[in-house]
Amino acid sequence: MFALYRGRCLSDSEFMCHVLQAREILRPIAQANDRIMNLCEDRYHFLVLFAAAMLEGMITVMPSNQSQGELYRLRKAHPGMQTVNDDTVMALCQGNADAGQPAANLDLIDKLPRDSVVAELYTSGSTGMPTANAKSWGELVHGAQRVAERFGLNSSRQHVVIATVPPQHMFGFEMSVVLPLVAGVAVFHGKPFYPDDIDQALQSVPEPRMLVTTPVHLKACMKDHRDWPTIDFILSSTAALSAEVARQAGNVLRAPIREIYGCSEVGAIATRTTNETECWQLLGDFRLVVENKNIYLSSSILAEPLLISDQIGLQQDGTFRLLGRAADLVKIGGKRGSLADITIRIKSIVGVEDAVVFLPATQSGKRERLVALVVARDLTPGEIRRRLSEDIDAVFVPRQIYLVARLPYNPTGKLPRSELLAMLAANQKSEQAC
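What you see is a predicted model; the values in this text were computed from it and never measured.

Brief notes about the overall build of the protein
At step 1: Helix and strand counts for the protein stand at 13 helices and 24 strands.
At step 2: A globule of 434 residues ought to have a C-alpha radius of gyration of about 22 Å, and the protein, at 23 Å, matches this closely.
At step 3: The principal-axis extents of the C-alpha atoms in the protein amount to approximately 70 × 50 × 45 Å.
At step 4: Burial analysis of the protein (434 residues in total) assigns 52% to the buried set.
At step 5: In the protein, the share of contacts with a sequence separation of at least 24, taken over all contacts with a separation of at least 6, comes to 64%.
At step 6: Only carbon and sulfur atoms are counted for the fraction: they give 49% of the accessible area of the protein, which is about 19,900 Å².
At step 7: A gap of 6 Å separates the mean positions of the 45 positive and 47 negative side-chain charges of the protein.

Set out below in structure tokens:
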């Protein structure tokens, strides 16, 4: 079995027949441009078009989000690039895969040149403008194989991947698109979002099940104390989980929670079983090297060592602790603090449902004071500020605290900086109007 698609179990051969049919659709497009933008929401449709594009020698562009502004920016950067979506292949995927097609298997994909650039992914934009990262087929295969080795994924005990993360995101792409092509796991076609969706998706596929998700989805699920279907293990990424959230979610979902640490430039770098340890274990031949107080990542797939911008604490046994994101550290009044830590302190206040703290920049480039957007029904900004001042240094108490109905999470559970700034501007405007 390769995929579960709308109630049907599709084999490797059926998948490749769909891919060969999709190649016929892409061929005239490839003659005009070597890039396509894949906006498929259905994961199986995405896989079919991605594989077909690789065989046609095309690069698949995957936007960080599907806002009109971001799509316009990418089309402007790649003049003439066409867009493909679910409508492009829906009819052929729902038809008889074997009709008029010779027998095919995944060997066609396995034999692709490893140095071929096949994908262009973008960072989430949580710290600024999304930036591009080109991926060769060899890099993607290397990453998927290391993850498969770490988690014991193989065709003899075939896991089915159910992913809440879009296939265009690096985490979702590696775990639900590349893994099925490389490691023999099967994939569920949908992109469940709410707890009900996730429950239904899990029930619709056979065991063993592997849930690929984010802290935001886990927090929603752990509030829902239903009788969850058996999950072999949960794989989380996009933001680090706290030990307490991992413990609670693991208890509710009755499954071990494993995390991926990575970046858009490389993909998956390290893993940990969050219920058991706070330390991360590097994948494959990745190594961390200290040079002039900086920490670099080296590997056989990297042309040169990659500077790690996060704050990392190396352990004697080769593991490491993640101390904080570089963009998370701030200096105010000569003192250093962590935005994540301040956010956690606000979230711990009774009555606060969610919160984020960030530091916007003025037009002149100077830093403003800390800003907090908080979801809390029965508290005022003054009450939040007063309770927070009892717990942290006064210089780190946000002077601007705005109550909002919800935070602008994107489908991967991140908070894009552009969305936070837009929400801040709207609240400031509303305040002035009052």
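A few points about unusual backbone geometry
At step 1: In the segment running from glutamate 207 into proline 208, the intervening peptide bond is cis, with an omega of -5°.
At step 2: As for its placement among the helices and strands, proline 208 is situated in the loop between helix 8 (195–203) and strand 10 (209–213).
At step 3: Its identity as a non-glycine residue notwithstanding, arginine 6 has a phi of 50°, on the positive side.
At step 4: Following the sequence through the fold, arginine 6 ends up in the loop between strand 1 (3–5) and strand 2 (8–10).

Topic: the sheet that holds strand 1
At step 1: Reading across the sheet, the 9 strands line up as 2-1-9-8-10-11-12-13-14 and stay open at both edges, with mixed pairing between neighbours. Single-partner strands in this sheet number two, and they are strand 2 and strand 14 (281–282).
At step 2: As paired elements, strand 11 (residues 233–236) and strand 12 (residues 257–263) share 3 bridges and run parallel to each other. Bridging across to strand 12, isoleucine 234 finds its partner in isoleucine 257.
At step 3: Lying on the sheet, helix 9 (residues 215–222) is in contact with strand 10, strand 11 and strand 12; it crosses strand 11 at an angle near 135°.

Some remarks on the packing of aromatic side chains
At step 1: Tallied over the full model, the rule gives 10 aromatic pairs.
At step 2: Here phenylalanine 50 and phenylalanine 173 contribute two aromatic rings whose centre-to-centre distance is 5.2 Å and whose plane-to-plane angle is 90°, an arrangement assigned as edge-to-face. Within this pair, whereas phenylalanine 50 is found in helix 2 (residues 43–55), its partner phenylalanine 173 is found in helix 7 (residues 170–182), the two being separated by 123 residues in sequence. Here the two residues phenylalanine 50 and phenylalanine 173 agree in accessibility, since each one is buried.
At step 3: Three or more aromatic residues joined by ring pairs make a cluster, and in this case those are Phe2, Tyr5, Phe15 and Tyr44.
At step 4: If you follow arginine 226 out to its NZ or CZ, it ends over the ring of tryptophan 228, 5.2 Å from the centre.
At step 5: The aromatic ring of phenylalanine 233 is capped on one face by arginine 258, whose charged end is 4.6 Å from the ring centroid.

A word on the pattern of salt bridges
At step 1: Following the criterion strictly, the structure yields 22 salt bridges and no others.
At step 2: For glutamate 56, the salt bridge is made with arginine 27, and the minimal N-O distance between the two is 3.0 Å. Taken as a pair, glutamate 56 in the loop between helix 2 and strand 4 (59–62) and arginine 27 in helix 1 (residues 12–32) lie far apart in primary sequence, 29 residues in all.
At step 3: Among the salt bridges present, the one from aspartate 232 reaches arginine 157, with a minimum N-O distance of 3.3 Å. One end of the pair, aspartate 232, is in the loop between helix 9 and strand 11; the other, arginine 157, is in the loop between helix 6 (137–151) and strand 8 (160–163), with 75 residues separating them in the sequence.
At step 4: Judged by its relative accessible area of 44%, arginine 157 falls in the partly exposed class.
At step 5: Put simply, Arg23, Glu24, Arg27 and Glu56 are held in one network by salt bridges that share partners.

Thresholds, definitions, all that
Residues numbered from 1 in each chain as written. Predicted model: local features only at pLDDT ≥ 70, side-chain atom pairs only at ≥ 80, totals over all residues. Heavy atoms only, no water. Helix = DSSP H or I, 4+ residues; strand = E, 2+ residues; numbered from the N terminus. Rg over C-alpha atoms; globule rule 2.2 N^0.38 Å. Buried < 20%, exposed > 50% of the residue type's maximum accessible area, 1.4 Å probe, protein only. Contact = heavy atoms within 4.5 Å. Areas by Shrake-Rupley, 256 points an atom, 1.4 Å probe, with all protein chains shown as cover. Lys, Arg positive; Asp, Glu negative; His and termini not counted. Charge placed at Lys NZ, Arg CZ, Asp CG, Glu CD. Pairing = 2+ DSSP bridges. Axes fitted to C-alpha atoms, helices over the stretch in contact; angles between N-to-C directions. Phe/Tyr/Trp six-rings, centres within 6.5 Å; stacked < 30°, edge-to-face > 60°. Lys NZ or Arg CZ within 6 Å of the ring centre and 35° of its normal. Salt bridge = Lys/Arg side-chain N within 4 Å of Asp/Glu carboxyl O.

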